[in-house]
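Working through the structure, step by step
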Amino acid sequence: MIYLLSDLHGEANFSGLKDYIEKSNDHDLLIILGDVGLQFEEVEENLAFTEFFLSIKKNIALIDGNHENFKYLNSFPVEEWNGGFVGRLTPHIVHLKRGNVYTIDEKTFFVFGGCKSSPKWKELGLWYPGEETNEDELRLAHDNLKKYNYNVDYILTHKYEQTPVRGTVCEKLRELTNYIEDNVKYKKWYSEFFHLKTY
């Protein structure tokens, strides 16, 4: 089974992760659609959550959201995994890189994390550079979509970037969203960001 979860923000939304740990087997995979929040703050609760998360012995793949410590996430070694490149956090946990396509259980998953934080989070200092996409990531995304003949089974993003919300639109991500909708065939698109549990 492949499970989807999002927006842990440390242990703020812990119940879904707890359910996966208790119910899953060694062949299952949890994909987290961003905002895990590892090493996001230098506070005891967050550091304890990070230590706990990295100790999990269940299969987990995460994409990045906007509430991430990108310097920390990008400090892990990069390796090939299921046809794309990942950051290897632990033997059981990988960070799915933006613009890659992964083949899992004979299904293809195009992945693109990140988005733009609202001004209030930046005012509070709860923000790290790297949340918005860059040209290299977009180029990789377009190259991989072309490689797969603009046809994948699933699209996984942290945010479906379409309608402006409180000044938080990342224009490059919106352009990519529109491009995929106009040019790519897919079965399902899963995203989160708004904390709406619709799947």
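What you are looking at is a predicted structure, and each value in this text was computed from that prediction instead of being measured.

Here we come to the sheet that holds strand S8 (residues 107-112). Strand order in the open sheet formed by four strands is S7-S8-S9-S10, with mixed pairing between adjacent strands. A single partner strand is all that each edge strand has here, and the edge strands are strand S7 (101-104) and strand S10 (188-190). On average, each strand axis in the sheet is tilted by 25° relative to the strand beside it, whichever way the strands run. Pairing analysis gives four bridges linking S8 to strand S9 (residues 154-157), with the strands arranged parallel.

Looking now at the packing of aromatic side chains. Inspection of every chain in the model, using the stated rule, returns 11 aromatic pairs. Taking 5.1 Å as the distance between ring centres and 25° as the angle between the ring planes, the aromatic pair formed by Phe 109 and Tyr 154 counts as stacked. You can see Phe 109 sitting in strand S8 and its partner Tyr 154 sitting in strand S9, a full 45 residues away along the chain. One aromatic cluster is present, formed by Phe 109, Tyr 154 and Tyr 190 through successive ring pairs.

Assignment of secondary structure puts Phe 76 in the loop between helix H3 (70-73) and strand S4 (78-81). Judged by its relative accessible area of 15%, Phe 76 falls in the buried class. Counting along the chain gives 64 residues from Phe 76 to Leu 140, while the straight-line C-alpha distance between them is 20 Å. In this view, Phe 76 contacts Arg 88 and Leu 89; residues no more than four positions away in its chain are not counted.

A few words now on the pattern of salt bridges. Under the counting rule described, the total for this entry stands at 10 salt bridges. Where Lys 18 meets Glu 22, a salt bridge forms, and the shortest distance between an N and an O atom there is 2.6 Å. Of this pair, Lys 18 and Glu 22 both sit in helix H1 (residues 15-23), four residues apart, which is roughly one turn of that helix. Overall, Glu 22 belongs to the exposed group, its relative accessible area being 51%. If you follow the salt bridges from partner to partner, you end up with Asp 64, Arg 98 and Glu 137 in one network.

Below, the discussion takes up unusual backbone geometry. The backbone phi angle of Gln 39 is positive, close to 50°, even though this residue is not glycine. Counting through the fold element by element, Gln 39 comes out in the loop between strand S2 (29-33) and helix H2 (44-54). Phi angles above zero are rare outside glycine, and Glu 106 is one such case at about 65°. You can call Glu 106 exposed: its relative accessible area is 75%.

Let us look at the confidence of the model for the protein. Counting all residues, the mean pLDDT for the protein is 91, and 94% of those residues have values of 70 or more. Contacts of residues 194-199 to residues separated by more than four positions or lying in other chains number 13 contacts, the stretch itself having pLDDT below 50.

The subject of this paragraph is the side chain of Glu 161. Here Glu 161 shows up in the loop between S9 and helix H6 (171-183). For Glu 161, a relative accessible area of 0% translates into the label buried. At 2.9 Å, the side chain of Glu 161 forms a polar contact with the side chain of Lys 159. Reaching out from Glu 161, the side chain makes a polar contact with the backbone nitrogen of Cys 170 at a distance of 2.9 Å. Setting aside anything within four residues of it in sequence, one finds Glu 161 in contact with Thr 168, Val 169, Cys 170, Leu 173, Arg 174 and Thr 177.

Further remarks concern the packing of helix H5 (residues 135-147) against H6. Closest axis-to-axis distance for the H5/H6 pair is 11 Å, and the angle between their directions is 10°. When the axes of H5 and H6 are compared, the pair comes out roughly parallel. Residues Glu 135, Leu 138, Ala 141, His 142 and Leu 145 of H5 lie in contact with H6, whose contacting residues are Lys 172, Leu 176, Tyr 179 and Ile 180. In terms of residue class, the contact of H5 with H6 is made up of six nonpolar, one polar and two charged.

Rules and cut-offs
- Residues numbered from 1 in each chain as written.
- Predicted model: local features only at pLDDT ≥ 70, side-chain atom pairs only at ≥ 80, totals over all residues.
- Heavy atoms only, no water.
- Pairing = 2+ DSSP bridges.
- Helix = DSSP H or I, 4+ residues; strand = E, 2+ residues; numbered from the N terminus.
- Axes fitted to C-alpha atoms, helices over the stretch in contact; angles between N-to-C directions.
- Phe/Tyr/Trp six-rings, centres within 6.5 Å; stacked < 30°, edge-to-face > 60°.
- Buried < 20%, exposed > 50% of the residue type's maximum accessible area, 1.4 Å probe, protein only.
- Contact = heavy atoms within 4.5 Å.
- Salt bridge = Lys/Arg side-chain N within 4 Å of Asp/Glu carboxyl O.
- pLDDT = per-residue confidence, 0-100.
- Polar contact = N/O pair within 3.5 Å; in protein donor to acceptor, adjacent residues only side chain to side chain.
- Parallel < 35°, antiparallel > 145°, perpendicular 65-115°, else oblique.
- Nonpolar A, V, L, I, M, F, W, Y, C, P; charged D, E, K, R; others polar.

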